[in-house]
Amino acid sequence: MSKALLELSDISFSYEGAKWRLEAERFSIKSGGLVGIGGPNGSGKSTLLKMAVGALKPETGQVCLNNKKLEKIPKREAAKQLAYLPQKVTPEFEFSVAEIAALGRYPYL
């Protein structure tokens, strides 16, 4: 059995003024794993992903990457293993899809 590459434990988050709160006891992805996240609009799928990559900080709980707290890993090192492309992107410059995808190589340069 492979160990968790990414694990969120006992996390919670709510946006200011929101009527709902995201709470997850445990969410993990094992190395080589493939995960699908489903649910209705507004159920917290994007919020969960943003916490998983460090774009949002959970109010409680922790996010670990390779058994290390994500907040303790230098951003460049974490970016070599994690990436997040939001649903809606408004780039400052006109990029092609290939150029945006190539930005994933940035931490290695």
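Below is a short write-up of the structure. Owing to the predicted nature of the structure, the values given are computational and were not obtained by experimental measurement.

## Concerning the pattern of salt bridges
With the rule as written, the count across this model stands at four salt bridges. Notably, a salt bridge pairs E23 with R21, separated by 3.4 Å at the nearest N-O pair. Note on E23: relative accessible area 58%, which makes it exposed. Assessed through its relative accessible area of 39%, R21 is described here as partly exposed. Between E59 and R21 there is a salt bridge whose closest N-O contact spans 2.7 Å. Of this pair, E59 sits in the loop between α1 (45-52) and β3 (60-65) while R21 sits in the loop between β1 (4-13) and β2 (22-30), and the two are 38 residues apart along the sequence.

## Considering the packing of aromatic side chains
Taken as a whole and assessed by the stated rule, the structure comprises three aromatic pairs. Plain terms: the ring middles of Y15 and W20 are 6.3 Å apart, the flat faces sit at 70 degrees to each other, and that makes the pair edge-to-face. Under the relative-accessibility criterion, Y15 is labelled partly exposed at 31%. Considering the side-chain rings of F93 and F95, the 6.4 Å spacing of their centres and the 80 degrees angle between planes classify their relative orientation as edge-to-face. A relative accessible area of 38% means that F95 is categorised as partly exposed.

Basis of the calculations
- Residues numbered from 1 in each chain as written.
- Predicted model: local features only at pLDDT ≥ 70, side-chain atom pairs only at ≥ 80, totals over all residues.
- Heavy atoms only, no water.
- Salt bridge = Lys/Arg side-chain N within 4 Å of Asp/Glu carboxyl O.
- Buried < 20%, exposed > 50% of the residue type's maximum accessible area, 1.4 Å probe, protein only.
- Helix = DSSP H or I, 4+ residues; strand = E, 2+ residues; numbered from the N terminus.
- Phe/Tyr/Trp six-rings, centres within 6.5 Å; stacked < 30°, edge-to-face > 60°.

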